[in-house]
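Topology and contacts: notes
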Amino acid sequence: MENNNDLYAEKAGEELKSRIEWFKEALQDDEKREEIHDSVQGSEILVRLEIFLPSDDPDNFADGLYLYIDNSGLIVDADYYFRKTNDGAVTRLEGEELQIVKDLFQDAFSLEIE
């Protein structure tokens, strides 16, 4: 029996295939392209800013932060990553850890969209 994650992944794959076919048709037909553009219900900007933290041995160990900034310039999410030689991992920051990163970096970067 498939679990919900497998069912959603399968459904997402089917939907993506259908959307890509629709996009391909729109590339060939200006009316369909305009129909897609007119039917978009909205959009949101999310910028990922990468912070490289200092390392005593950057060739063998690097770590940093991915800060996700919304269109109003606020940090809305963050990940911590590290790489050691060819291996590494990314960990999502939550709760107090995320708040500390927000407090430290929120005023350090700005985002201007026109």
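Keep in mind it's a predicted model, so treat the numbers as computed, not measured.

Right, let's talk about a nonpolar patch on the surface for a bit. Judged by side-chain polarity, L16, I20 and F23 come together as a nonpolar surface patch covering roughly 270 Å² of accessible area. For L16, a relative accessible area of 52% corresponds to the exposed category.

Looking at the element boundaries, D63 is found in strand β2 (residues 61-70). This buried residue, D63, is left without a salt bridge; R83 holds the nearest opposite charge, at 8.9 Å. Side-chain polar atoms of D63 contact the side chain of Y80, separated by 2.7 Å. Excluding residues that lie within four positions of it along the chain, D63 makes contacts with I51, F52, L53, P54, Y80, Y81 and F82.

As a further point, take the packing of aromatic side chains. What the rule picks out here adds up to three aromatic pairs. Each ring, one from F61 and one from F82, has its centre 6.3 Å from the other, and the planes form 25 degrees; the classification is stacked. Taken together, the residues F61 in strand β2 and F82 in strand β3 (residues 75-84) connect sequence positions 21 residues apart. Residue F61 is classed as partly exposed on the basis of its relative accessible area, which comes to 32%.

Turning to the sheet that holds β2, a few remarks are in order. Neighbouring strands of a sheet are bound in pairs by backbone hydrogen bonds; such pairs are parallel or else antiparallel. Taken together, the four strands give an open sheet; going across it, the order is β1-β2-β3-β4, and neighbouring strands pair in antiparallel fashion. Of all the strands in the sheet, the pair left with one neighbour each is β1 (46-52) and β4 (87-92). Between one strand and the next, the sheet's axes are offset by a mean angle of 20 degrees, whatever the strand orientation. In this sheet, β2 lies alongside β1 in antiparallel orientation, the contact comprising seven bridges. Considered in β2, the bridge of F52 is made with G64. Across the face of the sheet, helix α3 (residues 95-105) comes into contact with β1, β2 and β3 while running at roughly 100 degrees to β3.

Definitions and cut-offs
Residues numbered from 1 in each chain as written. Predicted model: local features only at pLDDT ≥ 70, side-chain atom pairs only at ≥ 80, totals over all residues. Heavy atoms only, no water. Patch = residues over 30% accessible without salt bridge, like charges linked within 9 Å, V, L, I, M, F, W, Y side chains within 5 Å. Areas by Shrake-Rupley, 256 points an atom, 1.4 Å probe, with all protein chains shown as cover. Salt bridge = Lys/Arg side-chain N within 4 Å of Asp/Glu carboxyl O. Buried < 20%, exposed > 50% of the residue type's maximum accessible area, 1.4 Å probe, protein only. Helix = DSSP H or I, 4+ residues; strand = E, 2+ residues; numbered from the N terminus. Lys, Arg positive; Asp, Glu negative; His and termini not counted. Polar contact = N/O pair within 3.5 Å; in protein donor to acceptor, adjacent residues only side chain to side chain. Contact = heavy atoms within 4.5 Å. Phe/Tyr/Trp six-rings, centres within 6.5 Å; stacked < 30°, edge-to-face > 60°. Pairing = 2+ DSSP bridges. Axes fitted to C-alpha atoms, helices over the stretch in contact; angles between N-to-C directions.

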